[in-house]
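Survey of secondary and tertiary structure
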Amino acid sequence: MQDEMGGVATSLAPAEREKKLTQALAGRSVVLVGMMGAGKSAVGKRLAGRLGLEFRDADAEIEEAAKKTIAEIFASDGETFFRDKERRVIARLLSCEEPIVLATGGGAYMNSETRALIAGCSVSIWLKAEFDVLMRRVRRKLTRPLLQNPDPEGTLKKLIDLRYPIYAEADVTVLSRDVAHDMVLEDVISALETYLKLRDPAMPELNAQKPDSLA
């Protein structure tokens, strides 16, 4: 039996499927990493709702604590200040007793301390998007500090070259396509099931990829 996306449909009812997934996480949080515009917040909110976990957005937490937007923090305090604050906020969020679904900013996973923290208490998921997809998305939002320059396309390409090898260290990689967020969510759930050994690896994984299979 196949679902509407061409994958093999699960025999579990949704509630039972998600219950098994939450149990297999064994108290670990789920952390979404990837570039700006990859859909981490949109997919993360939906994933949290499906798993019955609290959703937190690291950038939103930083803005709330600073009473400034990310762009304003970059302008007034600089990127170094922002990255330190980002590291501390993520450490606080992941120190909670209850597991959460956390969406991180694009540069957060580049910090080695943050990567080690995430690896120790969470399952990390890289939402990987191709350049053209990201560029279409980020053009809709003109407040991305790192793209406020005469050559945003060139800057984005450089960030991809720099960050993708590090993002590939995540436990799970899922392709973020130009489709409805709910479709990417299903890919994420299937990839998590495979990673947590709830799903037969021989079954189609839709657009999920293992990090070590990436070029």
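Everything numeric in this text was worked out from a predicted model, so none of it was measured.

In this structure, Leu47, Ile125 and Val188 are the most contacted members of the largest nonpolar core, which totals 57 residues. Contacts of Val188, omitting those with residues within four sequence positions, involve Val43, Leu47, Ile125, Leu127 and Val174.

Further remarks concern the packing of helix α3 (residues 58-66) against helix α5 (residues 79-93). Between α3 and α5, the least distance of the axes is 10 Å, while the angle of their chain directions is 110 degrees. Considering their axes alone, α3 and α5 lie roughly perpendicular with respect to each other. Judged by residue contacts, Ala58, Asp59, Glu61, Ile62, Ala65 and Ala66 of α3 engage Phe82, Lys85, Glu86, Val89, Ile90, Arg92 and Leu93 from α5. Considered class by class, the residues forming the contact of α3 with α5 number eight nonpolar, no polar and five charged.

Two side chains of opposite charge can pair, provided their charged atoms sit close to one another. Taken as a whole and assessed by the stated rule, the structure comprises 20 salt bridges. Salt bridges sharing common partners tie together Arg17, Glu18, Arg50, Glu186 and Glu193.

Mean pLDDT for the protein chain: 85, with 82% of residues reaching 70 or above. Low pLDDT, under 50, characterises residues 1-11; the stretch is placed with 16 contacts to residues that sit more than four places away or in other chains. For residues 205-215, every residue scores under 50 in pLDDT, and the model assigns this stretch 29 contacts once sequence neighbours within four places are set aside.

Parameters and conventions
- Residues numbered from 1 in each chain as written.
- Predicted model: local features only at pLDDT ≥ 70, side-chain atom pairs only at ≥ 80, totals over all residues.
- Heavy atoms only, no water.
- Core = buried A, V, L, I, M, F, W, Y, C linked by side-chain atoms within 4.5 Å.
- Buried < 20%, exposed > 50% of the residue type's maximum accessible area, 1.4 Å probe, protein only.
- Contact = heavy atoms within 4.5 Å.
- Axes fitted to C-alpha atoms, helices over the stretch in contact; angles between N-to-C directions.
- Helix = DSSP H or I, 4+ residues; strand = E, 2+ residues; numbered from the N terminus.
- Parallel < 35°, antiparallel > 145°, perpendicular 65-115°, else oblique.
- Nonpolar A, V, L, I, M, F, W, Y, C, P; charged D, E, K, R; others polar.
- Salt bridge = Lys/Arg side-chain N within 4 Å of Asp/Glu carboxyl O.
- pLDDT = per-residue confidence, 0-100.

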